[in-house]
Amino acid sequence: MTRLALHSRLIPGTEEAYELEHARVWPELITVMNRAGIRDWSIWRSGRDLFHLVECDDYEAAVAQLANDPVDQRWQTHMSQFVESFAKNADGTHPLNHVWTMSEQTD
């Protein structure tokens, strides 16, 4: 299993509406995410910045599968009214660079 972090930013003034949208995400979206190998997805917010922790079998494969899914396409279109952008690394990828995990330190 892969665990990765993403960073996105909200459009100014949409913070409360974004949180309301996530009070209960569409059950059919969760179904297609699970089918794509996404086991869990958590989001934290600080102001307009969102930090996502994703646990999945294969992130690139999941993204590719979801890109063709009508439920995910509908969700992405709907959420575009709130999300300004996802941050990209210098190499053009979205996952944040991993620095340290306490449980992985053995000494």
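(A) The arrangement of the pattern of salt bridges in detail. Under the defined criterion, the tally for this structure stands at six salt bridges. For the salt bridge of aspartate 49 with arginine 9, the shortest nitrogen-to-oxygen distance reads 2.8 Å. Linking aspartate 49 in strand S3 (residues 49-56) with arginine 9 in strand S1 (residues 2-10), this pair joins segments that are 40 residues apart in sequence. For arginine 9, a relative accessible area of 30% puts it in the partly exposed group. Here glutamate 19 and arginine 45 are joined by a salt bridge, their closest N and O atoms 2.6 Å apart.

(B) Layout of the packing of aromatic side chains. Per the stated rule, a full pass over the model turns up two aromatic pairs. Summarising the aromatic geometry, the rings of tyrosine 18 and phenylalanine 82 are spaced 6.4 Å apart at their centres and angled 75° between planes, so their arrangement reads as edge-to-face. One end of the pair, tyrosine 18, is in helix H1 (residues 15-21); the other, phenylalanine 82, is in the loop between helix H4 (70-79) and strand S4 (83-86), and 64 residues separate them in sequence. The residues tyrosine 18 and phenylalanine 82 share a single accessibility class, namely buried. Their ring planes at 80° and their centres at 4.9 Å tell us that tryptophan 26 and tryptophan 75 sit as a pair that is edge-to-face. You can see tryptophan 26 sitting in the loop between H1 and helix H2 (27-35) and its partner tryptophan 75 sitting in helix H4, a full 49 residues away along the chain. Residue class for tryptophan 75 comes out buried when judged on its relative accessible area of 7%.

(C) Structural view of the layout of surface pockets. Put simply, the largest pocket is a space of about 760 Å³. Taken together, 26 residues form the lining of the largest pocket, with Met33, Trp41, Asp72, Trp75 and Gln76 sitting closest to its centre. The set of elements that each furnish at least two residues to the lining of the largest pocket consists of H2, strand S2 (38-46), helix H3 (59-67), H4 and S4. Class assignment of the residues belonging to the lining of the largest pocket gives a composition of 17 nonpolar, six polar and three charged. Put simply, the second largest pocket is a space of about 300 Å³. In terms of lining, the second largest pocket is formed by Arg3, Leu4, Ala5, Trp44, Phe51, His52, Leu53, Leu96, Asn97, His98, Thr101 and Glu104. Mapped by element, the contributors of at least two residues to the lining of the second largest pocket are S1 and S3. Per-class residue counts for the lining of the second largest pocket are six nonpolar, four polar and two charged.

(D) Quick look at the nonpolar core. In terms of nonpolar packing, the biggest core is built from 21 residues, with Leu10, Tyr18, Leu29, Ile38, Val54, Leu66 and Phe82 touching the most fellow members. Of all the elements in the fold, those that place two or more residues in this core are S1, H2, S3, H3 and H4.

What counts, and at which threshold
Residues numbered from 1 in each chain as written. Predicted model: local features only at pLDDT ≥ 70, side-chain atom pairs only at ≥ 80, totals over all residues. Heavy atoms only, no water. Salt bridge = Lys/Arg side-chain N within 4 Å of Asp/Glu carboxyl O. Helix = DSSP H or I, 4+ residues; strand = E, 2+ residues; numbered from the N terminus. Buried < 20%, exposed > 50% of the residue type's maximum accessible area, 1.4 Å probe, protein only. Phe/Tyr/Trp six-rings, centres within 6.5 Å; stacked < 30°, edge-to-face > 60°. 1 Å grid on protein atoms, 1.4 Å probe; cavity = no way out; pocket = protein on both sides within 12 Å on 5 of 7 lines; lining within 4 Å. Points joined across faces, edges and corners; volume = space filled by probe spheres on them. Nonpolar A, V, L, I, M, F, W, Y, C, P; charged D, E, K, R; others polar. Core = buried A, V, L, I, M, F, W, Y, C linked by side-chain atoms within 4.5 Å.

Purely geometric numbers; function is a separate question.
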